[in-house]
Each structure stands twice: as C-alpha cells, then as structure tokens.
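Next come the chains, spelled out residue by residue.
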Amino acid sequence: MRKKGLHHFMLLFSIAFFALTGYSQENKDGHSRLVVFEKQKSYKLQDANNILKKELSVGSQYNFVKEGSEKDIIGFTHDKYQQYYKGVKVEFATYKLHAKNGTLRSMSGEFYRIKEINSTPVLSKEQGLSMAVAHMGADAYLWENAEASAQLGYSKPEGELVILPDFDSQNEQGKIRQFNLAYKYDIYATEPISRGELYIDAHTGEALFYNAIIKHVGEHSHSSKHLKTINANNDIAKSKKPSALAVGSAATRYSGNRNITTRQINGNYALRDNTRGNGVDTYNSGSTESYPSTNFTDADNNWTAAEFDNAAKDNAALDVHWGAQKTYDYWTQVHNRNSYDGNGAVIKSYAHYGSNMDNAFWNGSVMSYGDGSSNGNEGNGNFDALTSIDVAAHEIGHAVTTSTANLAYQRESGALNEGFSDIWGAAVEHFAKGNGNDAAPSAEIWLMGDEIDRRNNSAALRSMSDPKSVGSDPDTYRGTNWVAATSGEGCGTPTRDNDYCGVHTNSGVLNYWFYLTTVGSAGTDQVNDNGDAFSVSGIGMDKAAKIAFRTLSQYLNANSTFANARTGAIQSAKDLY
C-alpha cells in the first residue's frame, strides 16, 4: 500500500467509520489498549513479566502467565499472557506482546486494577453448578446423555474459579469499580437448546453474567422455532475404516456444479474429507435435532441434481460440504491459518438439522444447518435451506473469533463478533466465486444470506454496502438505527430478548467499514450521520481482509469496543503495509 493509501485508510476510520476523535492509547483500567513503543526502548520478549508489571504499574500481587505464542507471516512474534490476581485468574484479562527480531514493538490487551477482593469462595464448585442449573431452568442438559456428550467432545462442567469484572460498575473514567469472585460453567442445555458460559458468584450464588456460545439461536436470527433435544448415534462411525479419497462432482443447491473432496466408505462415496487439516466432514441429522454420524452417500461420486435436488433438499448438504471446504481453503491460502483454530481442527457439519428450521449455527463444537421453512418460492416461509456459502463462512467465522480475540457476545464486542463473521462471509464468497475484480467484488457478495431469503420483499439478512437498506442497520457509530449497547445508553442486562444489546444490528457499522475499505466510496463526497464528509479510495478485498484479520487476531480482546477496533486496524495497516 502506498503512503497515500494508508492515509486514506486512517481518514476512513477517523471520519466515515466511527467519527471518534484522536488515535488514543490512553490506559483506562478494564478497557483494551494498545501501546506502541518508541525505537529507543529496547524491551526484549524474555523480560515479559517485568515489562507488563512496569508498563501497567502493578505490584507483586499481580502475575502474568504465558498462554501461547505464534509467529506470523511478516516476522512478528505474538506472546499472549493471562492476568492473575493473588493467584486467581482474572477473566477476560489477557495481554499480547508484539515483537519483531526479538525487540518489543507494541503491547495490547485488557488489564484490570483490583484494589481488594475476598478470593476465598463460600460455595463449593458443586453448589455453584446447582445454582447455575437452577438459574438456567432447562428441562435437559447435554451431560445427562453420555453418548451425545462424547459425540460433541463435551463433559459436565466442573467450574473454574475466576475474578469477574462487573462492567456495569464503570465510572465516568472507564474504570471498573467492582469485581466478583465467580465460578465459570460451560452450560449446554438441550431442551430448549442453549450453550453459554455462565458465571455464578462464589460467595452468594447469584448469576452474574452469561456469554452465549451458540450465536444464532433465537428470534434475532430469524429462527422459527425452539430447538429441543440432542441425541447421538454412532452406528456409522463404528463401521469399517474409511479408505480412498476422491474428487467428486456436486450439483449444489446454490452454487452450481462444484468439485468436492469425498471418501469411499463401504463401497460408496461419502461427504468426508481428510485432506484438509484433521477433516472436513458433513453428516445427516435426518430432520432431527440431533448429531448422528449418518453419512450422505453416492455410488459413483457424481452427485447429480437428478439424485439430490429433491423434496428433502438433499442438495443442500452438497453446499454445506463445498462451503466448509472452501472456507478451510480460504483461511489456509489467504491467512496461512490451518482451520478455524490454527491447529487443523476438524470442521464437522450437520445438514437437515431439525424440522423446517430457519436457522444455522455454530454450537461451540459443530456446525448445524436447518432446511428452512420455505419450499424455495418467495413468500413461502422465511428461508430456504440455510446452507449458502456466506452462511457457512459466517458461522465458521464465529469459531475463528472464539479462537482469537474471543469477543464477548454482548454490547459493542458482540456487534464486532457478528460483524467479523459477516466480513468472512463476504471474503470467502469472493474467494470461492470471485468475479475476477479484487478491488470491486460483485454486488451480491455484500448481501448476507441473499440466496436463502424467501421472505416477501426481502433481499437478504443484511447489506454490508448499504446497511440501512436491509434490516435497518446503522452504517455510522451511534448514528441512525444504532441500538443502545451500554447501560448508559439504556440497554441494561444483555439477554437473548434484547439481542444481547444489539449485536446483530450494530454489526452494520463494521460491515460498512469493511465495504468502504475494500471498494471505496465511488470517488464522490459523502456525509455520514454525524455530518462528517468523507471520500474513500478502496484498497481491495485482499488487503482489507488481511487488515481485518490482523486486527481481530492480534489487537482485539474479549471486551473490545469499536474504538479499539479502529486503533487496532490502523496499527495492523502499519504492520502490514
């Protein structure tokens, strides 16, 4: 990127995106921040703990434990540290040290200054779990079904003791005034279905905070019905070991004829692929709300429309398999990332999930795709099978976010979570179906869910190029259509009923930033909702996506805000270009 292009990029953040003033690196306890070191400071990575204590001005009661390290393709090393206070983990408090050639260039993360807390629990972990179950009030839980739990790699939560910041106790300077000792439980309810991390006060048993893991269940994702139960059937999984891999031809429901990698099992070809990471496997839920290991099969590996374009929508499974494979390829080829977690995690998907279900979601372990309530005609039901490639890339994108910044699913961080998934939906669709023009991808790429939407007079779920035109989303930070995201704005406790304080709606701000960064504003002066004029020159899909991913993976944290995204993206652009 030429220096002029970088200037345009920064101007876009200052005016068109957020209309925030200044490139602040001010430290407010409890907020993400970025510190860029001047060249004369010669900090070395091996002094990490001392550097963190010095820069954050803390004493011996604080400690930072290294959680991991990675080296990126431009030579930076990123070491991640978890904050502890008096030996107890401080939830969400992680810091990264960014170094090149062994010298520290910057540090970024969340830090919480804790004055005093009683770190001895009153309740046991077992008592805390009982409180968590009582709070959830579900009729059934996944751990009660040993076979289903094993199928998803889930076990009954034991509880982790942590110090939890109370975000509603921030003062005007942004400092957190209250902290609670809490047990953290991964609660997977199956009737009705929900999964999230529930924090229970270790002294009183009060439910303090719920961080949803299943992202797309509920009315805000246009689900037509509740999910009920989860079962598992391992009959197919216990059959003979799969043999030869092969490339087949698939007549997908939405993307035409595509090549897919399959595998021979018991004389037939199945939608199983072990050439990508630890596997890309697609199974058949059989119109049940369960996760059996039932394969889709074909005798000659030519998955034709005559065979699979039927009333059961079996060709939707071909979109699922191809979409997951192309999403894996995108992350590998564009971002040098081996699957969503960077370590080759298997991408396991289930088509025909539920009966006529208008939903698709990542449940923290696998992908689940409903067939939709429509027969494919406009005005008949809400959606056709929710298996288009942008939907697949969006949902797998939630797994990418969990494995990187782990953006909390509420308020501004939750809107960023949804926005980044939309970004990956557009980027993967462009990668898989690209129109050959990186600078100005085809218009339909900027419509999320356009291929599946069958509602009357509805073009898609969301528009990234014009968020106000579809779904009444905002394109400007706190502009028209912005939903209250903080307690100060009027959103109290984040719940499913209030869309966790606007996570799906406010994602339009990040979506529009990515569109403008990629395509630009057509060379004309425009004015945002705050009255600021802007004209932006696009830098193309490839550069915009790399800046977006570096921002997410290296400079954002669990409770990052749009302001943090702005600062992180500017730093990412500097790092890369």
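Residues numbered from 1 in each chain as written. Predicted model: local features only at pLDDT ≥ 70, side-chain atom pairs only at ≥ 80, totals over all residues. Heavy atoms only, no water.

Undergrad: Explanation requested: the overall build of the chain in the structure shown.
TA: Looking only at helices and strands, the chain has 11 helices and 24 strands in total. Sorting the 577 residues of the chain into buried and exposed places 58% on the buried side. Relative to all contacts within the chain whose residues are 6 or more apart in sequence, the contacts with residues 24 or more apart total 64%. As displayed, the chain has an accessible area near 22100 Å², and 44% of this comes from carbon and sulfur atoms. (Helix = DSSP H or I, 4+ residues; strand = E, 2+ residues; numbered from the N terminus. Buried < 20%, exposed > 50% of the residue type's maximum accessible area, 1.4 Å probe, protein only. Contact = heavy atoms within 4.5 Å. Areas by Shrake-Rupley, 256 points an atom, 1.4 Å probe, with all protein chains shown as cover.)

Undergrad: Explain the state of the cysteines here, please?
TA: In protein structure, a disulfide is the covalent linkage between the sulfur atoms of two cysteines. With the rule as written, the count across this model stands at one disulfide. Note that C491 is cross-linked by a disulfide to C501, the S-S spacing being 2.0 Å. Measuring the twist about the S-S bond at about -85°, one finds the C491-C501 disulfide to be left-handed. Highlighted residues: C491 in the loop between β22 (462–463) and α9 (499–519) and C501 in helix α9, separated in sequence by 10 residues. In terms of burial, C491 and C501 fall into one category: buried. (Disulfide = S-S within 2.5 Å.)

Undergrad: Whenever I open this one, the pairing of strand β5 (residues 103–109) confuses me. Can you help?
TA: Where a strand is regular, its side chains alternate between the two sheet faces. When you tally the buried positions in β5, you get five out of seven residues, the bulk of the element. In this structure, strand β1 (residues 33–36) lies alongside β5, joined through four bridges in antiparallel fashion. Paired with V36 across the two strands is S106, which belongs to β5. A loop of two residues connects strand β4 (residues 88–100) with β5, the two strands running antiparallel in sequence, and N101 in this loop sits at a positive phi of about 55°. (Pairing = 2+ DSSP bridges.)

Undergrad: Hey, could you run me through the nonpolar core in this one?
TA: Nonpolar side chains in soluble globular proteins tend to end up buried together. Ranked by internal contacts, the top residues of the largest apolar core, which has 79 residues, are W303, F420, I423, W424 and F514. The dominant element in this core, judged by the number of residues it contributes, is helix α6 (residues 315–335), at 10 residues. Among residues more than four places away in sequence, those in contact with F514 are I423, W446, M464, M541, A544, A545 and A548. Core analysis: the next-biggest nonpolar cluster, separate from the first, contains 69 residues, A93, A132, L142 and I163 among them. (Core = buried A, V, L, I, M, F, W, Y, C linked by side-chain atoms within 4.5 Å.)

Undergrad: Explanation requested: the side chain of T401 in the structure shown.
TA: By secondary structure assignment, the location of T401 is in helix α7 (residues 389–403). You can call T401 buried: its relative accessible area is 0%. In this view, T401 contacts N406, L407, N417, F420 and L552; residues no more than four positions away in its chain are not counted.

Undergrad: Is there a simple way to think about the sheet that holds strand β19 (residues 360–362) in this case?
TA: Backbone hydrogen bonds are what pair the strands of a sheet, in a parallel or an antiparallel way. Strand order in the open sheet formed by five strands is β14-β15-β18-β20-β19, with mixed pairing between adjacent strands. On the outer flanks of this sheet lie β14 (272–273) and β19, each paired with one strand and no other. Across two bridges, strand β18 (residues 347–353) lies against strand β20 (residues 367–369) in parallel orientation. Opposite S349, over in β20, you have M367 as the bridge partner. Seen against the sheet, α6 touches β14, β15 (280–288), β18 and β20 and runs at an angle of roughly 150° to β15. Against the sheet, α7 contacts β18, β19 and β20, and its axis sits at roughly 25° relative to β19. (Axes fitted to C-alpha atoms, helices over the stretch in contact; angles between N-to-C directions.)

Undergrad: I'm lost on the sheet that holds strand β16 (residues 297–298) in this one. Help?
TA: Spatially, five strands are ordered β16-β13-β12-β11-β17 in an open sheet, and the strand pairing comes out mixed. Strands at the two margins of the open sheet, each flanked by one partner only, are β16 and β17 (302–303). Where strand β11 (residues 245–251) lies against strand β12 (residues 257–265), seven bridges are found, and the strand directions are antiparallel. The residue bridging V247 from the neighbouring strand is T261, located in β12. The strands touched by α6 are β11, β12 and β17; relative to β12, the strand with the most contacts, the crossing angle is about 95°.

Undergrad: Honestly, the confidence of the model for the chain in this entry has me stumped. Any pointers?
TA: One rule of thumb: low pLDDT means the predicted coordinates there are not for detailed reading. Per-residue confidence for the chain gives a mean pLDDT of 88; residues scoring 70 or more make up 88%. Low pLDDT, under 50, characterises residues 1–8; the stretch is placed with nine contacts to residues that sit more than four places away or in other chains. Considering only residues more than four positions removed or in separate chains, one finds that residues 217–242, a stretch of pLDDT under 50, has 88 contacts. (pLDDT = per-residue confidence, 0-100.)

Undergrad: Looking at this model, I keep getting lost on the pairing of β4. Mind explaining?
TA: Of all the 13 residues making up β4, 12 are buried; the element is thus mostly covered by neighbouring parts of the structure. With nine bridges connecting them, strand β3 (residues 76–85) and β4 associate as antiparallel partners. Counterpart to H78 in the pairing with β4 is H98. Adjacent in sequence and paired antiparallel, β3 and β4 are bridged by two residues, among which K86 carries a positive phi angle near 50°.

Undergrad: Just checking my understanding: could you explain the environment of N406 for this structure?
TA: As for its placement among the helices and strands, N406 is situated in the loop between α7 and α8 (411–433). Taking C-alpha positions, N406 is 8.6 Å from N559, a pair spaced 153 residues apart along the chain. With residues near it in sequence (within four places) discarded, N406 still touches T401 and A558.

Undergrad: Looking at this structure, how should I read the side chain of D319?
TA: Relative to the helices and strands, D319 is located in helix α6. Buried and without a salt bridge, D319 has R253 as its closest oppositely charged side chain, separated by 6.3 Å. Apart from residues no more than four positions distant in its own chain, D319 is found in contact with T252, R253, Y254, S255 and T387. (Lys, Arg positive; Asp, Glu negative; His and termini not counted. Salt bridge = Lys/Arg side-chain N within 4 Å of Asp/Glu carboxyl O.)

Undergrad: Explain the packing of aromatic side chains here, please?
TA: For any pair of aromatic rings, the description rests on two quantities: the centre-to-centre distance and the angle between the ring planes. All chains considered together, the criterion is met by 30 aromatic pairs. Between W303 and F308, the ring centres sit 5.2 Å apart and the planes meet at 40°, which makes this aromatic pair tilted. Of the two residues, W303 and F308, both sit in the buried class. Feature note: the residues Y330, W331, F420, W424, F431 and F549 constitute an aromatic cluster, connected by ring pairs. Lying over the aromatic face of F76, R550 brings its terminal NZ or CZ to 5.0 Å of the ring centre. (Phe/Tyr/Trp six-rings, centres within 6.5 Å; stacked < 30°, edge-to-face > 60°. Lys NZ or Arg CZ within 6 Å of the ring centre and 35° of its normal.)

Undergrad: Looking at this structure, I do not really get the pattern of salt bridges. What am I missing?
TA: Close approach of charged atoms allows side chains with opposite charge to pair. Inspection of every chain in the model, using the stated rule, returns 23 salt bridges. The partner of D79 in a salt bridge is K66, with the nearest N and O atoms 3.6 Å apart. Here K66 lies in strand β2 (residues 62–71) and D79 lies in strand β3, a separation of 13 residues in the sequence. A cluster of three or more residues bridged by salt bridges with shared partners is formed by K89, E91, E160, K184 and E197.

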